[in-house]
Amino acid sequence: MKLTLLKPQFYRYELQPDNWIEQLPDGTRRPVSGLRGLYVRVNGIQDAMGIMYLCPRCFTANDGRVGTHQILNWSKTAGTPDDADPKGRWVLRGTGYDDLTLDAEPGRTRSVLLIGGCAWHGYITNGEVTDA
Ligand SMILES: [Zn+2]
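Residue positions are counted from 1 within each chain, in the order its sequence is given. Local features are withheld for residues below a pLDDT of 70 in this predicted model, meaning they are given only at 70 or higher, and side-chain atom pairs are given and counted only at 80 or more; totals for whole chains, interfaces and linings count all residues.

Moving on, we get to the overall build of the protein chain. For the protein chain, the helix and strand inventory stands at one helix and nine strands. The helix count covers DSSP runs of H or I at least four residues long, the strand count covers runs of E at least two residues long, and both are numbered beginning at the N terminus. Across the protein chain, helices and strands are ordered from the amino to the carboxyl terminus as β-β-β-α-β-β-β-β-β-β. Counting only C-alpha atoms, the protein chain reaches 45 × 30 × 30 Å along its principal axes. In the protein chain, buried positions account for 22% of the 132 residues. Sequence separation of 24 or more characterises 52% of the internal contacts of the protein chain that already satisfy a separation of 6 or more. Exposure criterion: with C-beta atoms placed from backbone coordinates, a residue whose C-beta has 20 or more other C-beta atoms within 10 Å is buried, one with 12 or fewer is exposed, and one in between is partly exposed. In this description, any two residues whose backbone-derived C-beta atoms lie within 7 Å of each other are considered to be in contact.

So, on to the nonpolar core. Think of a nonpolar core as buried Ala, Val, Leu, Ile, Met, Phe, Trp, Tyr and Cys residues chained together by C-beta atoms that fall within 7 Å. Grouped together as the largest cluster of nonpolar side chains are 20 residues, with contacts concentrated most on L3, L6, Y11, A48, I51, Y53 and L92. Among the secondary structure elements, those contributing two or more residues to this core are β1 (9–23), β3 (50–54), β4 (70–74) and β5 (90–93). Not counting residues up to four positions away in its chain, the partners in contact with A48 are F10, Y11, R12, V42, A78 and L92.

Two pairing modes exist for strands in a sheet, parallel and antiparallel, and in both the strands are linked by backbone hydrogen bonds. One requirement defines pairing of two strands: DSSP has to find at least two bridges between them. With antiparallel pairing, three strands are arranged side by side in an open sheet as β7-β8-β9. With one partner strand each, in any of the chains shown, β7 (112–113) and β9 (128–131) form the two edges of the open sheet. Note that strand β8 (residues 121–125) and β9 share four bridges and pair antiparallel. Looking at the pairing, I124 lines up with V129 of β9.

It is worth spelling out the sheet that holds β1 at this point. Within the open sheet, the four strands sit side by side as β2-β1-β3-β4. Their pairing is antiparallel. In this open sheet, the two edge strands, each paired with only one partner strand, are β2 (29–42) and β4. Going from strand to strand, the sheet's axes swing by 40° on average, the running direction of each strand aside. When β1 meets β2, the two strands line up antiparallel, connected through 14 bridges. In the sheet register, Q16 faces β2, and the bridge partner there is R36. Here an angle of 0 to 180 degrees is reported between the N-to-C directions of two axes, which are lines fitted to C-alpha atoms, with helices fitted over the stretch in contact.

Turning to the environment of L72, a few remarks are in order. Position of L72 relative to the elements: it lies in strand β4. Separated by 64 residues in sequence, L72 and P8 have C-alpha atoms that sit 9.7 Å apart.

On to unusual backbone geometry, then. Residue P86 follows D85 across a cis peptide bond; omega there is -15°. Within the secondary structure layout, P86 lies in the loop between β4 and β5. For K7, which is not a glycine, the phi torsion comes out positive at approximately 50°. The topology assignment puts K7 in the segment before β1. Backbone geometry at D63 places phi at a positive 55°, although glycine is not the residue there. Examined against the element boundaries, D63 turns out to sit in the loop between α1 (56–61) and β4. With 9 C-beta atoms counted inside 10 Å, the residue D63 sits in the exposed group.

Listed below in structure tokens is the structure:
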């Protein structure tokens, strides 16, 4: 299926100063200040560090986006830090959603494999999403 059917959106990962409440393993809460990773929408692949889209397996099973979770693929080549979640990394190739290819980062695989949940395993190649 076409990637564009899956409502793709490019993102940047940015560390910004923030204050939040952290819950400790014993259930107590404490205020924390520091740098926090935020997902920022961007319009073009030239500004992107990753891409989010609806899961193709669940999109098909649910006959649309209602109840369908999203998949987020970060790019190390585009500058995403190693500690950003989720940990998978791909090279973003192409000019936009219509011809996007997720390519292998050095030492990693080109396919996308979801651990747990629906366990979708597949590829994005020249704007087409296919199962592995
Ligand atoms: Zn799914």
